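The chain contents come next:
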Amino acid sequence: MDIKLLDIPDIRLITPRRFGDHRGFFEETYNHDSFVNHGIETVFVQDNHSLSRSAGTVRGLHFQAPPRAQAKLVRCGRGRFFDVAVDIRRGSPTFGLWVGAELSFENGRMLLVPAGFAHGFMTLEPETEIVYKCSDTYAPETEGALRWDDPDIGINWPLDMAESKISDKDKAAPFLRDIESPFTIEDG
């Protein structure tokens, strides 16, 4: 397993080893002991699977507040997408900054997004499936969101936003400057 720290060191880009032959491949996408050996002690309790039918679909930027905050281990089941994490921990030297990575079925990469970050993605191909583990179960009373197009965050989405498919709920999300983040650097 190859683990790289990104520009925000709490975010990790993980590439599992694939073992393949003429039949296909096998890869281990999660092994608790292996993760702990790499300093990742997050325990995951829920798996989610999302399908986006169109390229340019944007979902996010979402988070769950404490005490039900979620870390996520995100990967691509089919297709490809641009995955993004935004630091929303008050007091963090990287508060309001973002990192992103292209995740695809072909490259097999995963993004580890700790609690204290807003998470979102843009699909780059039709019929893209996003599969992710969460460290807590869904708790709608704690969910929060930020605008995907917040100019203070300045995410460089890879496709033209004018063509994007975005839910009404995500269109109505507030800007980072308009919320009191429920996270501090100590939460991360």
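Note that the coordinates shown come from a computational prediction; the quantities given were computed from them, not determined experimentally.

## Here's the deal with the overall build of the protein
Alright, step 1. Looking only at helices and strands, the protein has 2 helices and 16 strands in total.
Alright, step 2. Against the compact-globule benchmark of 16 Å for 188 residues, the protein has a radius of gyration of 16 Å, which places it among compact chains.
Alright, step 3. By its C-alpha atoms, the protein is 55 × 40 × 30 Å across when sized along the principal axes.
Alright, step 4. When each of the 188 residues of the protein is scored for burial, the buried share is 47%.
Alright, step 5. In the protein, once contacts between residues fewer than 6 apart in sequence are set aside, the share between residues at least 24 apart is 80%.
Alright, step 6. As displayed, the protein has an accessible area near 9500 Å², and 49% of this comes from carbon and sulfur atoms.
Alright, step 7. If the 21 positive side-chain charges of the protein are averaged to one point and the 30 negative ones to another, these points end up 4 Å apart.

## Structural notes on the packing of aromatic side chains
Alright, step 1. For the structure on display, the rule yields 7 aromatic pairs.
Alright, step 2. Between Phe25 and Phe105, the aromatic rings sit 5.8 Å apart at their centres with planes inclined by 50 degrees, giving tilted as the arrangement. Linking Phe25 in strand β4 (residues 24-27) with Phe105 in the loop between β10 (98-104) and β11 (110-113), this pair joins segments that are 80 residues apart in sequence.
Alright, step 3. In this structure Phe25 comes out as partly exposed when scored by relative accessible area, which is 39%.
Alright, step 4. Put simply, the rings of Tyr30, Phe35 and Phe44 pair up and form one aromatic cluster.
Alright, step 5. Looking at Arg18, its charged tip hangs above the ring of Phe25, at a distance of 4.1 Å from the centre.

## A look at the pattern of salt bridges
Alright, step 1. Counted under the stated rule, the structure contains 16 salt bridges.
Alright, step 2. One salt bridge in this structure joins Glu125 and Arg80, with 3.0 Å as the shortest N-O distance. Remark: Arg80 occurs in strand β8 (residues 80-87) and Glu125 occurs in the loop between β12 (117-123) and β13 (128-134); sequence separation between them is 45 residues.
Alright, step 3. You can call Glu125 partly exposed: its relative accessible area is 30%.
Alright, step 4. Of the charged contacts in the structure, one is a salt bridge between Arg89 and Asp87, with a shortest N-O distance of 2.9 Å.
Alright, step 5. Taken together, the shared-partner salt bridges in this structure form one network comprising Arg53, Arg78, Glu127 and Glu129.

## Notes on the environment of Glu27
Alright, step 1. Within the secondary structure layout, Glu27 lies in strand β4.
Alright, step 2. Look at Glu27 and you get buried, because its relative accessible area is 16%.
Alright, step 3. Taking the C-alpha atoms as reference points, Glu27 and Ser104, separated by 77 residues in sequence, lie 14 Å from one another.
Alright, step 4. If we ignore the near neighbours within four places in the chain, the residues touching Glu27 are Pro16, Arg17 and Arg18.
Alright, step 5. Within the structure, the side chain of Glu27 is placed 2.8 Å from the side chain of Arg18, a separation counted as a polar contact.

## So, the UniProt feature "active site" (unreviewed entry) in the protein
Alright, step 1. Following the UniProt record, one finds the feature "active site" (unreviewed entry) at His62 and Tyr132. Across 71 residues in sequence, these annotated residues keep their C-alpha atoms within 13.6 Å of one another, forming a single compact spot.
Alright, step 2. Not counting residues up to four positions away in its chain, the partners in contact with His62 are Lys72, Phe117, Ala118, His119, Gly144, Ala145 and Asp170.
Alright, step 3. Along the polypeptide, Tyr132 turns up in strand β13.
Alright, step 4. Ignoring anything within four residues of it in the chain, the contact list for Tyr132 reads Gln46, Asp47, Asn48, Lys72, Leu73 and Val74.

## Considerations on the sheet that holds strand β2 (residues 12-15)
Alright, step 1. Ordered by their spatial adjacency, 6 strands build an open sheet running β1-β2-β11-β7-β13-β5, and the pairing between neighbours is antiparallel. One side of each edge strand has no neighbouring strand; the edge strands of this open sheet are β1 (2-5) and β5 (46-52). Recorded for the sheet is a direction-independent mean angle of 25 degrees between the axes of neighbouring strands.
Alright, step 2. In the sheet, β1 pairs with β2 via 4 bridges, with the strands oriented antiparallel. Paired with Lys4 across the two strands is Leu13, which belongs to β2.

What counts, and at which threshold
- Residues numbered from 1 in each chain as written.
- Predicted model: local features only at pLDDT ≥ 70, side-chain atom pairs only at ≥ 80, totals over all residues.
- Heavy atoms only, no water.
- Helix = DSSP H or I, 4+ residues; strand = E, 2+ residues; numbered from the N terminus.
- Rg over C-alpha atoms; globule rule 2.2 N^0.38 Å.
- Buried < 20%, exposed > 50% of the residue type's maximum accessible area, 1.4 Å probe, protein only.
- Contact = heavy atoms within 4.5 Å.
- Areas by Shrake-Rupley, 256 points an atom, 1.4 Å probe, with all protein chains shown as cover.
- Lys, Arg positive; Asp, Glu negative; His and termini not counted.
- Charge placed at Lys NZ, Arg CZ, Asp CG, Glu CD.
- Phe/Tyr/Trp six-rings, centres within 6.5 Å; stacked < 30°, edge-to-face > 60°.
- Lys NZ or Arg CZ within 6 Å of the ring centre and 35° of its normal.
- Salt bridge = Lys/Arg side-chain N within 4 Å of Asp/Glu carboxyl O.
- Polar contact = N/O pair within 3.5 Å; in protein donor to acceptor, adjacent residues only side chain to side chain.
- UniProt positions renumbered as here; feature names shortened; annotations may be inferred.
- Pairing = 2+ DSSP bridges.
- Axes fitted to C-alpha atoms, helices over the stretch in contact; angles between N-to-C directions.

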